[in-house]
Amino acid sequence: MKLQDIFPPNAYSEAEVDKIIYARDASVFEGQCKAVVWPTTKQQVQELVMYCRRTSQKLTLRGAATGTFGGAVPADAIVSDMSKMNKILDIGSDWVHVQAGVVLSDLNSFLRKKNKYFPVQPLEYPVCTIGGMIATNTSGLSYHYGRMENWVQELEVVDGTGRTYTTSTATMKNFIGLEGSTGIIVSAKLKLLPQPPAKTSSIVAFNTMSAMMGRVEQIEKNPHILSIEYFDERTSALLDLGQALHIIVEYDDESGVIKVPEEVKKIDELKEKVRHLLIRNHYSQKEDPKIPMENRGKFLHWLNKLEVPCFGHLKHGVFYPHFKEFSKQPEEIYDIVEKLSGEVIGDCGVGIKRKKFLSKAKTEKFLILKNEYDPQRILNRGVLVD
Amino acid sequence: MKRESVSPRGFAVLTQKQKFDKIMYVCSLCNNCKTVCPYGVDLKLNEMREYVLANGGETAALKSLMENLRNTGNPFGVVSNH
């Protein structure tokens with residue numbers, strides 16, 4: 001059986017232009033793409049995996065390919081573009097069942113009509129796919145709701161041996177955050193909230209890091225605070241907030257100064273806008289270290305000294321320093337993060353680029369899962385583990 | 001179409017690679033991509049088309065259309081009887 005026997009002509013390509021484009025994702029990495037397929041059914045995905053096993057070919061999975069660490073870059077592999085698996089299958093009182101290629105903004109539109117809400121909304125929400133969000137275990141712009149692992153009820157998966165599963169709560173974790181290296185997510189059942197929560201916000205400026213951290217430590221135990229977002233002087237200037245440190249505090253009650261929903265929405269949009277502005281100003285490399293609470297001030301102070309633009313989630317200790325395209329400064333970041341007992345990998349995935357920062361324990365765990373679900377090493381070769 | 005190769009991002013990769021392929025005709029030149037791009041990317045679509053032509057991208061249909069325009073002033077090659 002050839003690939004052309006599994007996929008109709010409009011769902012298979014070996015055209016040169018496709019191979020060039022699908023060799024890239026949103027990262028700086030470029031791989032080699034042998035062919036592109038667009039599956040629409042679980043059966044096609046299963047047959048694709050069996051084909052790769054028979055012919056010893058590698059397979060790379062692709063959602064919206066918005067990751068910046070090379071997670072969708074093929075290493076001389078067939079690329080499976082999951083975007084045609086984009087059906088919303090069913091909805092219940094507090095859950096929705098979707099195929100992996102459903103784009104989050106399409107899901108948002110659908111849920112608005114049903115007066116329901118999916119709370120994990122990353123920056124890439126206009127284009128990112130549910131499958132990609134689960135594979136990278138992404139978090140939202142509002143870290144308060146946690147990561148995808150908190151919102152997935154069930155997965156339908158095809159693993160690297162061609163077996164299909166509907167996962168239990170226990171086995172789900174063998175695929176969430178594993179960046180496609182153990183199995184292909186075909187569909188997912190997601191938990192929903194009844195409606196978007198009403199928020200209020202406050203923006204506060206500070207001239208010194210110590211004043212800001214003092215205030216943060218005072219307020220952050222307030223259970224009504226959803227998030228405390230940090231913007232350094234450089235990102236504050238880009239957002240026209242003024243040349244000072246700023247925090248934006250979001251509340252789920254009336255505590256915030258800004259109460260009018262349209263005004264609160266504008267504040268929300270600052271979080272999206274800042275990354276776009278950084279990229280327009282050629283700060284295209286980003287990192288996402290997670291810093292222990294007691295060392296947040298030291299880390300941010302150090303970044304300020306190096307004049308590295310940064311914003312992030314103060315309440316949860318995940319920050320996004322940005323660097324110019326070919327800058328070597330990230331290497332300095334890795335050292336300081338380790339000295340401060342932090343983790344280099346926060347919430348943006350490992351991909352190709354950051355495998356060396358996985359702990360020995362995590363690498364060993366991933367290898368055990370890889371051996372169980374993809375012993376032939378077909379899926380996403382080079383991502384997460386070697 | 002769900003095919004990356006006919007998306008603005010796909011055209012950006014091809015342009016970067018100097019691969020001015022006929023697939024770039026799958027674009028209405030509306031420039032909506034430039035309007036909505038959060039990163040301010042301008043694909044310079046008209047220039048992109050010129051490069052496609054310069055790189056052997058002229059199709060038989062285009063050639064015929066241009067000849068008709070030059071000879072008759074309309075793309076159909078129809079000569080007015082008036």
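Residues numbered from 1 in each chain as written. Chains lettered and ligands numbered in written order. Predicted model: local features only at pLDDT ≥ 70, side-chain atom pairs only at ≥ 80, totals over all residues.

**Comments concerning the environment of A:Asp25**
Residues and elements named next belong to chain A.
In step 1: With respect to the secondary-structure elements, Asp-25 resides in the loop between helix 2 (16-21) and strand 2 (32-37).
In step 2: Residue Asp-25 is classed as buried on the basis of its C-beta count, with 28 C-beta atoms lying within 10 Å.
In step 3: Sequence separation of Asp-25 and Phe-69 is 44 residues, and the distance between their C-alpha atoms is 8.8 Å.
In step 4: In this view, Asp-25 contacts Ala-65, Gly-67, Gly-70, Gly-71, Ala-72 and Val-73; residues no more than four positions away in its chain are not counted. (Helix = DSSP H or I, 4+ residues; strand = E, 2+ residues; numbered from the N terminus. Buried ≥ 20, exposed ≤ 12 C-beta atoms within 10 Å, placed from the backbone. Contact = placed C-beta atoms within 7 Å.)

**Structural notes on the sheet that holds strand 13 (residues 285-286) of chain A**
Residues and elements named next belong to chain A.
In step 1: Pairing within the open sheet is antiparallel, and its six strands lie in the order 10-12-11-14-15-13. Edge positions in the open sheet fall to strand 10 (200-206) and strand 13, since each of these has one partner strand only.
In step 2: In the sheet, strand 13 pairs with strand 15 (residues 318-323) via two bridges, with the strands oriented antiparallel. Bridging across to strand 15, Lys-286 finds its partner in His-322.
In step 3: Against the sheet, helix 7 (residues 209-219) makes contact with strand 10, strand 11 (225-231) and strand 12 (245-251), and its axis sits at roughly 10 degrees relative to strand 12, the strand it touches most.
In step 4: Where helix 9 (residues 261-280) meets the sheet, it contacts strand 10, strand 11, strand 12, strand 14 (310-313) and strand 15, and its direction lies at approximately 50 degrees from that of strand 10. (Pairing = 2+ DSSP bridges. Axes fitted to C-alpha atoms, helices over the stretch in contact; angles between N-to-C directions.)

**Concerning the nonpolar core**
Residue and element names in this part refer to chain A.
In step 1: By size, the foremost hydrophobic cluster in this structure holds 75 residues, and its most contacted members are Val-37, Ile-130, Ile-134, Ile-185 and Ala-188.
In step 2: In this structure, Ile-134 is in contact with Met-148, Val-152, Ile-176, Ile-185 and Ala-188, ignoring residues within four places of it in sequence.
In step 3: Counting 30 residues, the second largest nonpolar core, distinct from the first, contains Tyr-230, Leu-303, Val-308 and Phe-319. (Core = buried A, V, L, I, M, F, W, Y, C linked by C-beta atoms within 7 Å.)

**Description of the domain arrangement of chain A**
Residue and element names in this part refer to chain A.
In step 1: Domains assigned within chain A are domain 1 (88-195) and domain 2 (200-339).
In step 2: Inter-centroid distance (C-alpha atoms) of domain 1 to domain 2 is 27 Å.
In step 3: Every contact between the two is made by five residues of domain 1 and, on the other side, ten residues of domain 2. (Domains from an automatic or database assignment.)

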